[in-house]
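Here are the chains, one letter per residue:
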Amino acid sequence: MTSKVFEFIDREKARQDKNVELIASENFVSENVMRAVGSCLTNKYSEGYPVVRESGNKGRYYGGCEIVNELEEYCCFLWKRVFDTDYHVNVQPHSGSSANLGAYMSVLKLGDTILAMDLNNGGHLTHGSAVNFSGKLFDMKFYNVNAQGYIDMEDVRRRALEYRPKLILAGASAYSRIIDFAAFSAIAKEVGAYFMVDMAHIAGLVAAGDHPSPFGLADIITTTTHKTLRGARGGMIFCRPELAKKVDSAVFPGTQGGPLQHVIAGKAVCAEEALTPEYKEYIHQVVKNCKAMCDEFLRMGYDVVTGGTDNHLFLLDLTATGLTGKAVQDELDKHGITLNKNCVPNETRSPQQTSGVRIGTAAMTTKGWKEADFVRVAGKIDSIIQEMRRSAGA
Ligand SMILES: *Cc1c(COP(=O)(O)O)cnc(C)c1O
């Protein structure tokens, strides 16, 4: 029997093969990740955890789990090696958002205060947006970036002292610079707050040593596995060993039911790959490509938020062009170049329009692109933008 669904999949595959993919949160997984995620493991129920711990975890609630028990333990073992850590890891969160919900629920009560980065300044929806569970369930306070677009650590400290949050959160979806985890950790200590890092975007750089590691500094670390880590779509939570029981029970039974063992298999394949020298080379190339493309935009006279990048992404501030992020995104789509509109610091337009775009190099580097390829596409984006300005002026 055939299914109409495979027509959609074939068309999407063709789109992915053809387009220039510059969305900073996307990547292309390996055949092995794909095989694991598309496997019979999707049939298996396995609520609970593989080992019965003294801490009180009761093992699995279903029979037939002997093989997925081994799989999940193997997955956890590998991820601790990837980040060279003795932190506890929970590989069950279905997504980065679920990981953040589990992390909050592990150490906070409803209504507790969280200090995080504003969505408009590069934070994530789950860092306190009013339309998200985070903004509805917790008392969210925000720190700012300075006029150049850097996280303002003075502002973080001032607000931490003022609001006395239970948890301070570092991590972002649209921030192109190194985050000073040590400085955040010191402020959290000073005010007696938990320190949480959401490294969803930069986890691959942390794994490859291209961004300072939050391990040893943060109490809880969440991540996605599908961005720079280039694995199955999903989330994970790491924590100091003494928080293991709280985190595990916040994930199950707190906020999720049965884990997705096919996705856990995909996460394990991803970890195997992240441990190879080839993966580290790949991440180094992602960062080099990003710098080369960003430098080309600067050379052509564009405004880049913070004036550059340290990681796999950067933000173009289009204010001086008079064009909105939305208009540029839509026009580039017509030319087979995919990226997303993004707010810039001190944004004056609505989140539906925005004054900027976000550009990332992780996906096309997987396809083998080098510096010269990204410089070339920067030139193409510039000529499309110039054409848009000419027709807007006409
Ligand atoms: C992408 C992202 C998430 C959420 O991931 P989903 O899997 O889409 O739920 C969480 N935090 C940050 C910082 C992110 O960039």
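In this convention, every chain numbers its residues from 1, walking through the sequence in written order. Local features are withheld for residues below a pLDDT of 70 in this predicted model, meaning they are given only at 70 or higher, and side-chain atom pairs are given and counted only at 80 or more; totals for whole chains, interfaces and linings count all residues. Calculated side-chain values reflect all of the structure's heavy atoms, with hydrogen atoms and water omitted.

### A look at helix α9 (residues 244–255)
Since one α-helical turn is 3.6 residues long, residues separated by three or four positions face the same way. Given a rise of 1.5 Å per residue, 12 residues ought to cover 16 Å, and the 15 Å separating the end C-alpha atoms of α9 matches this to within 8%. A simple rule labels every residue: compare its accessible area, found with a 1.4 Å probe on the protein chains alone, to the largest value its type can have, and call it buried under 20%, exposed over 50%, or partly exposed in between. Segments assigned H or I by DSSP are reported as helices when at least four residues long, segments assigned E as strands when at least two residues long, and all are numbered from the N terminus. The complete set of buried residues in α9 reads Ala244, Val247, Asp248, Ala250, Val251 and Phe252. Considered in projection along α9, the buried side chains sweep an arc of 160 degrees and stay on one side of the axis. Helix span, as expected, comes to 1.5 Å for every residue beyond the first. Regarding the arc, it is the one traced by the directions from the helix axis to the C-beta atoms.

### Looking at the site of the ligand
A cutoff of 4 Å decides nearness: a residue is near a molecule or strand if any of its heavy atoms lies inside that distance of it. The environment of the ligand is formed by 14 residues, the closest being Gly96, Ser97, Ser173, Asp198 and Lys227. What qualifies as a polar contact is a pair of N or O atoms within 3.5 Å, subject to a donor-acceptor requirement within protein and to the restriction that residues adjacent in sequence count only when both atoms come from side chains. Between the ligand and Ser97 there is a distance of 2.6 Å, counted from an oxygen atom to a side-chain nitrogen or oxygen. Here the ligand, which alone exposes 390 Å², has 86% of that area covered by the protein. The greatest single-element share of the shell around the ligand, amounting to 3 residues, is contributed by helix α4 (residues 96–107). Any residue that is not Ala, Val, Leu, Ile, Met, Phe, Trp, Tyr, Cys, Pro, Asp, Glu, Lys or Arg is counted as polar, Gly included; the first ten are nonpolar and the last four charged. Each residue belonging to the shell around the ligand can be placed in one class, and the counts come to 2 nonpolar, 10 polar and 2 charged. Only the protein chains shown count as cover for residues, with accessible areas throughout obtained via the Shrake-Rupley method and a probe of 1.4 Å.

### Details of the domain arrangement of the chain
How big an interface is tends to be stated in terms of accessible area lost as the parts join. Domain extents, as shown, originate in an automatic or database domain assignment. According to the domain assignment, the chain consists of domain 1 (31–274) and domain 2 (279–392). Computed from C-alpha coordinates alone, the two centres of domain 1 and domain 2 are separated by 28 Å. It only takes one pair of heavy atoms within 4.5 Å for two residues to be counted as in contact. Facing the 24 residues of domain 1 at the interface are 25 residues of domain 2. Area buried by domain 1 at its contact with domain 2 is led by Ser176, Arg177 and Arg230, which between them contribute 28% of it. Any carboxyl oxygen of Asp or Glu that lies within 4 Å of a side-chain nitrogen of Lys or Arg is treated as forming a salt bridge with it. Where domain 1 touches domain 2, the interface holds 1 salt bridge. By convention, the term buried area covers the 1.4 Å-probe accessible surface removed from two parts as they join, with the contributions of both added.

### A look at the environment of Thr309
Locating Thr309 in the fold gives a position in the loop between β11 (303–304) and β12 (313–317). On the accessibility criterion, Thr309 (10% relative accessible area) is buried. When the C-alpha positions of Thr309 and Ala99 are compared, they lie 27 Å apart, and in sequence the two are 210 residues distant. Within polar-contact distance, the side chain of Thr309 engages the backbone nitrogen of Asn311 at 3.1 Å. For Thr309, the side chain forms a polar contact with the main-chain oxygen of Leu313, separated by 2.7 Å.

### Considering the packing of helix α6 (residues 153–163) against helix α7 (residues 181–191)
A fitted line through C-alpha atoms serves as each axis, taken over the contacting stretch for helices, and the angle formed by two N-to-C directions is quoted from 0 to 180°. Axis separation between α6 and α7 bottoms out at 10 Å; the angle between their running directions is 15 degrees. By the criterion of interaxial angle, the relationship of α6 to α7 is roughly parallel. Crossing of α6 over α7 shows right-handed handedness. Residues Met153, Val156, Arg157, Ala160 and Leu161 of α6 lie in contact with α7, whose contacting residues are Ala183, Phe184, Ile187, Glu190 and Val191. Residues belonging to the contact of α6 with α7 are distributed by class as follows: 8 nonpolar, no polar and 2 charged. Oblique is the label for any angle not covered by the other classes, which are roughly parallel (under 35 degrees), roughly antiparallel (over 145) and roughly perpendicular (65 to 115). If you view the pair so one helix is near and one far, a crossing is left-handed when the near helix is turned anticlockwise from the far one by less than a right angle, and right-handed when it is turned clockwise.

### Points about the pairing of strand β15 (residues 356–360)
Taking burial as the measure, the 5 residues of β15 include 5 buried ones, the bulk of the element. The alternating pattern of β15 places Gly356, Arg358 and Gly360 on one face and Val357 and Ile359 on the opposite face, and all of these are buried. Pairing of β12 with β15, which is carried by 5 bridges, proceeds in the antiparallel orientation. Bridge assignment links Asp317 to a residue of β15, and that residue is Gly356. Whether two strands pair comes down to DSSP finding at least two bridges between them. Where strand β14 (residues 340–342) meets β15, 3 bridges bridge the pair, whose relative direction is antiparallel.

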